Amino acid sequence: MSTPQHPSQEQQPGLFCAIGSPATSISKQKLRETVENFLESLGARDDVLLLPPDFTRFHSQAGTITRFISEYYNFTEREEEAEKIDGSRKQSASSPSIQIIPALGTHVPMKHSQIELMFGSNLANKTTCNHNDSSSEKNSPFVVHNWRDDVVTIGYAPAEMVEQATHGMVREKWPAQLNKLVWEKRIQRESNSSSSSDVEEAANSNAADAPKNQRRKTNPQPLVISIGQVVPHEVTGMANYNKNLFVGVGGVEAINLSHFIGAVHGMEKLMGRGNNPLREILNYGSQQYLEKELDLWYILTVMGPSSSSSGGDDHNDGVEMKGLFIGRDVKCYDLACDLSLKVNFNLLERSPKKMVIYLNDEYHSTWLGNKSIYRTRMAIDDGGELVVLAPWVETFGEDDTIDSLIRKVGYVGTPAIMQAMKNDEDLKSNLSAVAHLIHGSSEGRFSVTYCPGKLTKEEVESVGFMYADLAEMKQVYNIETLNDGWNTRLDENGVEEEFYYISNPALGLWAHPSRFEEGSHGSEKISDDVAVSISQEASDGSGGVGGWKHPPRTQA
């Protein structure tokens, strides 16, 4: 079997492998071999916790990696298609218990059909077909993250860091919060009988100060693996790494404040930059708590457009793995960021007057679908138009309360949004909603025309967007014939129209050089005379399992 490729001949501490380049295409066989070699290097385990993303990050290949880990540890049988590709395999001598917490953040819990599509039928069939049936869910390896009730605060980042990042608007410590099940992996090293109350007591007593050799008494240790894709991101600059923990399986206060910090710092100053004030806060939490307390490893992927037209399953057609990075500290993340910028950052020589974006079935709300705005706003020309083809979008927010706040305030520009927050206690206690509204506002520089499948003209226009009929616009912009990048068509008057098409905004960041340069074309200045509350709450409409108290009715 091939051995992992490293940036240098010598093994770097905390880094197992760094594979990839813009021209690389990592096969499923190579991916499996590398993951199995990594797991073999860790030795036998009794307890494994996996933290992949949810279905909104389907293209990350985190589902496939999770399946490979499950098969290596004898938790599930190997999928038939894998046997056809590669009959040989490595296999663990141990058969540990495995739990999987999709990093939902505030997203809706995954449906059974999504779990099956993303993680394979064998893992999905270990779950019940109805995830709302709590009595049968006890036997499922999948644990739904409850960002209201299942979270413990493990420590804090200094108030000075938060004050600097928010331009003085928040003068409180940032709480590092995790799902209790993740933090219990530290406690179980000392006592496998620790209760949830023991976890909270230990966390609050700053047990992180104890020497390592006094904490790790059990052998083998519980293993935590965070899995996901590194790509430019509107809140943290570059996605994944410790964001998968502090946001993906984090709590209300940490999530809301994190989103707000990103918004007030300015999206144009964040996007595509791995080092920024918010990431410094998250890294502080990692260094002070995660790295000292957990046997935590990261498996990070970099995905890009496929170099060939042939693809595997329908959802992955046109996308391939360009990079694979496995490590336990920021070095792993930095290397993935370097490659992601080469693969996912699209610098355009000229700014398009019109951009057309297609949103697939991963996007059912503008909370998710506004990625079409985040990822293109640094490219589109002043006075331009962004057309969003969104067949599956049926709501604005990912929960009742956020949805109502979006409908009440709208994507009306930073000054108006901040003024609304100044006078609205609901907004002050839902900073992630404020951040989302700012991120989704064009600030009057360009227009946004939404073409949703399940929202009315009145609903779309009420939040500040323009509306167009989806069926009509799909005839004008036929996604079956368009190519990613520049396209032309003749309008009804025979005049040629040039536009830029993107089939999947999740795969990159598009920008014109003048808007990516440091300090140029920044976000609207945010007033610093609005004091916001550090005591963020999950409201009744968003405080239940996975951020939902009453999940919307969806079909499996």
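Residues numbered from 1 in each chain as written. Predicted model: local features only at pLDDT ≥ 70, side-chain atom pairs only at ≥ 80, totals over all residues. Heavy atoms only, no water.

A. Layout of helix H11 (residues 252-265). Given a rise of 1.5 Å per residue, 14 residues ought to cover 20 Å, and the 20 Å separating the end C-alpha atoms of H11 matches this to within 8%. Here H11 lies mainly inside the structure; 13 of its 14 residues are buried. Within two residues after H11, glycine 266 carries a phi angle of roughly 110 degrees, on the positive side. (Helix = DSSP H or I, 4+ residues; strand = E, 2+ residues; numbered from the N terminus. Expected span 1.5 Å × (residues − 1). Buried < 20%, exposed > 50% of the residue type's maximum accessible area, 1.4 Å probe, protein only.)

B. Up close: the sheet that holds strand E9 (residues 296-305). Ordered in space as E1-E10-E9-E6-E2-E3, the 6 strands form an open sheet in which the pairing is mixed. The sheet terminates laterally at strand E1 (15-20) and strand E3 (97-100), the two strands that pair on one side only. Across the sheet, the axes of successive neighbouring strands diverge by a mean angle of 20 degrees, strand direction being ignored. Pairing between strand E6 (residues 223-229) and E9: 6 bridges, direction parallel. Along E9, the bridge assignment pairs isoleucine 227 with isoleucine 299. The strands touched by helix H2 (residues 62-72) within the sheet are strand E2 (47-51), E3, E6 and E9, with E6 carrying the most contacts at an inclination of about 155 degrees. (Pairing = 2+ DSSP bridges. Axes fitted to C-alpha atoms, helices over the stretch in contact; angles between N-to-C directions. Contact = heavy atoms within 4.5 Å.)

C. Region of interest: unusual backbone geometry. If you check the backbone angles, asparagine 240 has positive phi at about 75 degrees while not being a glycine. Summarising the element assignment, asparagine 240 is placed in the loop between strand E8 (237-238) and helix H10 (243-246). Positive phi values are uncommon outside glycine, yet tyrosine 241 reaches one of about 60 degrees. Considering the arrangement of structural elements, one finds tyrosine 241 in the loop between E8 and H10. Tyrosine 241 sits in the buried class, given a relative accessible area of 2%.

D. Just the pattern of salt bridges, in detail. Inspection of the entire model under this criterion finds 21 salt bridges. A salt bridge links glutamate 71 to arginine 67; the shortest N-O distance between them is 3.2 Å. Pair noted here: glutamate 71 and arginine 67 are both in helix H2, with a separation of 4 residues, about one helical turn. Here glutamate 71 falls in the buried class, since its relative accessible area comes to 1%. (Salt bridge = Lys/Arg side-chain N within 4 Å of Asp/Glu carboxyl O.)

E. Spotlight on the pairing of strand E10 (residues 319-327). Among the 9 residues in E10, 9 count as buried, and that is most of the element. Sheet topology note: the E9/E10 ladder contains 8 bridges and is antiparallel. Along E10, the bridge assignment pairs isoleucine 299 with isoleucine 326.

F. Broad picture of the packing of aromatic side chains. Summed over the entire model, instances satisfying the criterion amount to 12 aromatic pairs. Their ring planes at 65 degrees and their centres at 5.3 Å tell us that phenylalanine 38 and tryptophan 297 sit as a pair that is edge-to-face. With phenylalanine 38 in helix H1 (residues 28-42) and tryptophan 297 in strand E9, this residue pair connects regions lying 259 residues apart in the sequence. The pair formed by phenylalanine 38 and tryptophan 297 is uniform in burial state, with each residue classed as buried. Each residue in the set Phe16, Phe38 and Trp297 is aromatic and connected to the rest through ring pairs, giving one cluster. For the cation-ring pair, lysine 173 lies above tyrosine 156, with the distance from its terminal atom to the ring centre recorded as 4.4 Å. Note that arginine 350 overlies the ring of tryptophan 486, its terminal NZ or CZ placed 4.0 Å from the centroid. (Phe/Tyr/Trp six-rings, centres within 6.5 Å; stacked < 30°, edge-to-face > 60°. Lys NZ or Arg CZ within 6 Å of the ring centre and 35° of its normal.)

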